[in-house]
Amino acid sequence: MDIIQAIAGALAPALSMTAEDAAALIEFQPDSSRGDYSLPCFKFAKVLRKSPPMIAKDLAEETFPPIIARAEAVGPYVNFFTDRAAFARETFENPPTLVSDAFAGKTIVIDYSSPNIAKNFHVGHLRSTVIGGALTRIFRAVGANVVGVNHLGDWGTQFGKLIVGYLSHSSEKAVERGGISELQRVYVQYHEDAEKDPSLDDTARAWFIRLQNGDPEAVRLWSWFRELSLREFEMIYERLGVTFDAVTGESFYNDKMSAVVDELRAKNLLTESDGAMVVRLEDYGMPPCLILRGDGGTLYPTRDIAAAQYRRTVYGFDKCLYVTALDQTLHFAQWFKVAELMDDSYADKLAHIPFGLVSLPEGSLSTRKGRVVMMEDLLNEAVRAARSIIDERSPNLADKDAVAEKIGVGAVIFNDLYNNRIKDVVFSLERMISFEGETGPYLQYTYARASSVTRKAGVTGETNYSALSEPLSFDVVKLLSRFPNAVAEAAEKYEPYIISRYLIKLAQVFNRFYHEIRILSASESERPARLALAAAVKNVIGDGLRIIGVSVVDEM
Ligand code: ARG
């Protein structure tokens, strides 16, 4: 039973509105001294021609279903107090589904991670991967069909430069051995050379044109660079638990770009500017969107437009989300506008989901200051820190390496998802790895604790839910009932942190309960209900962490 629906059904006639409309006005009441749900009555004053406190008083007199123990008017509010045993039974035996009407059956494309090949995967890409991965699972949980796409940066004139750099400074062996780092090295070398000999840029451009035209040697080198980059990225994705439904990078659109250019031309949207072709956007307060370079090469926005058209045809999306840093805001605003000018039937389904920067406690990350942190080093450092905490706290734990991996990586992921996306993330290893405080390890620890209690319990008798009516237990029950709301809100706002914070709150109230209330040594009449509570906490923390992408362990 949905309790809000039940209350709304009882109130609807007096409010002359549908139960559904009434339900939308009923609020969850976290402070139990004021009930479990409440209804503010300000909105009804005009129609009912009475003061809100009067309305509240009258509504409180209505007859409610038995799960509502009493209704009380307090000023302009009606507060509803549930029958706590019935509420707990309902929460545990009949938990509401996570699937929400707003999203069930909707198709959502999520473009995320999308690193550039032949470049190291750095912490900047971590955020897109972690946030996008979390959104993917959040939308699946609420019932949407999600297509997770890795829009790899694998096309553009820089690959001509990379080939030139490779041919003059490296070898097959060196690249096989050094991987991406070697490719980065030759790319830097190329730029040094080109500074001395600008004609190299022409050579590089010629190589990219060869690549665009399918020249076998150019394609062979490029595919090889791409494959080895993907292999390195794959190791990180595996550790982060991220998979994609499609790895269609920018190169995938090479043969779909001329159609975009033709359409733009046919719709009179293209203008020449300094030899390049652009769509002018001054009417919309933006600089022009670059479509074609002077030499005919396509650009990042052109490939995004081609990709959006492709996804629209192939997936028929209700939403297409782009999870990238805040500094790409103008890029998305520009090409979203161009897409709309070409065809206004779907541009409103495109959305940029921006996020803030990553910094270290000592300052921002920058290449210039030598503070570029590689994803792999960072994960390894977190795992090492987790391992040393485990060695100290649980020296006899089985499989310490596997547990340390889950705790270290989980700490990094959780740290990234604990605030609004737009807020900058500070990478303080010490803080994020701590078993106390608002951290991933704290949740994993609470999960393991709840898990161990239920494991030790053995067979129990009949569940007497009134054992959960005292405040510490009931706080936990109440919060458990809100899990679906947290997931739905995270989906609506594209904000995984709503789930992270919900889980921290749940762990805090559960740990208070755990310290104050006997569980395993409770009386026969209380034990089964308290165990059911621990089991429900274990399940919700487990599901919640899985949704945001953090693994759990049964012991740590
Ligand atoms: N490769 C780009 C980068 O690393 C991100 C691509 C984001 N997705 C897109 N469709 N533009 O900055």
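Conventions adopted
Residues numbered from 1 in each chain as written. Predicted model: local features only at pLDDT ≥ 70, side-chain atom pairs only at ≥ 80, totals over all residues. Heavy atoms only, no water. Core = buried A, V, L, I, M, F, W, Y, C linked by side-chain atoms within 4.5 Å. Buried < 20%, exposed > 50% of the residue type's maximum accessible area, 1.4 Å probe, protein only. Contact = heavy atoms within 4.5 Å. Pairing = 2+ DSSP bridges. Helix = DSSP H or I, 4+ residues; strand = E, 2+ residues; numbered from the N terminus. Axes fitted to C-alpha atoms, helices over the stretch in contact; angles between N-to-C directions. Phe/Tyr/Trp six-rings, centres within 6.5 Å; stacked < 30°, edge-to-face > 60°. Parallel < 35°, antiparallel > 145°, perpendicular 65-115°, else oblique. Near = heavy atom within 4 Å. Polar contact = N/O pair within 3.5 Å; in protein donor to acceptor, adjacent residues only side chain to side chain. Areas by Shrake-Rupley, 256 points an atom, 1.4 Å probe, with all protein chains shown as cover. Nonpolar A, V, L, I, M, F, W, Y, C, P; charged D, E, K, R; others polar.

A.B. asks: Describe the nonpolar core, listing the residues and the values that go with them.
C.D. replies: Ranked by internal contacts, the top residues of the largest apolar core, which has 160 residues, are L39, F80, F139 and F427. In contact with F80, other than residues within four places in its own chain, are I7, L11, G35, D36, Y37, S38, L39, F64, I68, R70 and A71. L270, A339, M342 and Y346 belong to the second-largest nonpolar core, a separate cluster that totals 33 residues.

A.B. asks: Please provide a residue-by-residue account of the sheet that holds strand β5 (residues 107–111), values included.
C.D. replies: Either a parallel or an antiparallel arrangement is found when strands of a sheet pair, and the pairing is made through backbone hydrogen bonds. Across the sheet, which stays open at both edges, the four strands sit in the order β6-β5-β10-β11 with parallel pairing between neighbours. Two strands lie at the open edges of the sheet, namely β6 (145–149) and β11 (350–355), each paired on one side alone. Strand after strand, the sheet turns through a mean of 20° between neighbouring axes, direction not considered. Inspection of the sheet shows β5 paired to β6 by five bridges, in the parallel sense. Paired with D111 across the bridge in β6 is V149. Helix α13 (residues 329–342) contacts β10 (319–325) and β11 of the sheet and is inclined by roughly 180° relative to β11.

A.B. asks: Tell me about the packing of aromatic side chains, and please be specific about residues and values.
C.D. replies: Scanning all chains against the criterion turns up 31 aromatic pairs. Note on W155 and F208: the rings are 5.4 Å apart at their centroids and 65° apart in plane angle, and the pair reads as edge-to-face. One end of the pair, W155, is in the loop between β6 and α7 (158–169); the other, F208, is in helix α9 (residues 200–212), and 53 residues separate them in sequence. Like F208, W155 is buried. The interplanar angle of 75° and the centroid separation of 4.9 Å between the aromatic rings of Y237 and F244 together place this pair among those described as edge-to-face.

A.B. asks: Break down the packing of helix α6 (residues 123–141) against helix α21 (residues 527–548) for me, with residues and values.
C.D. replies: Contact geometry of α6 with α21 gives a least axis separation of 7 Å together with a crossing angle of 130°. The angle between α6 and α21 places the two elements in the oblique class. Along its contact with α6, which presents A134, R137, I138 and A141, the element α21 presents R546, I547 and I548.

A.B. asks: Can you lay out unusual backbone geometry for me, pointing to particular residues and giving the numbers?
C.D. replies: You will see that S16, though not glycine, has its phi angle at about 40°, which is positive. With respect to the helices and strands, the residue S16 is situated in the loop between α1 (3–15) and α2 (19–25). Note on S16: relative accessible area 62%, which makes it exposed. Of note in the backbone geometry, D399 takes a positive phi value of approximately 60° without being a glycine.

A.B. asks: I'd love a proper account of the site of the ligand, names of residues and values included.
C.D. replies: Near the ligand you find D111, S114, N116, H125, H151, Y300, D304, Y322, T324, Q328 and F332, and these make up its full shell. Here a nitrogen atom of the ligand and a side-chain polar atom of D111 are 2.8 Å apart. One of the side-chain N or O atoms of N116 is found 2.7 Å from a nitrogen atom in the ligand. Relative to its unbound accessible surface of 350 Å², the ligand loses 89% to contact with the protein. Of all the secondary structure elements, the ones that give two or more residues to the shell around the ligand are α12 (300–315) and β10. Partitioned by chemical class, the residues of the shell around the ligand number three nonpolar, six polar and two charged.

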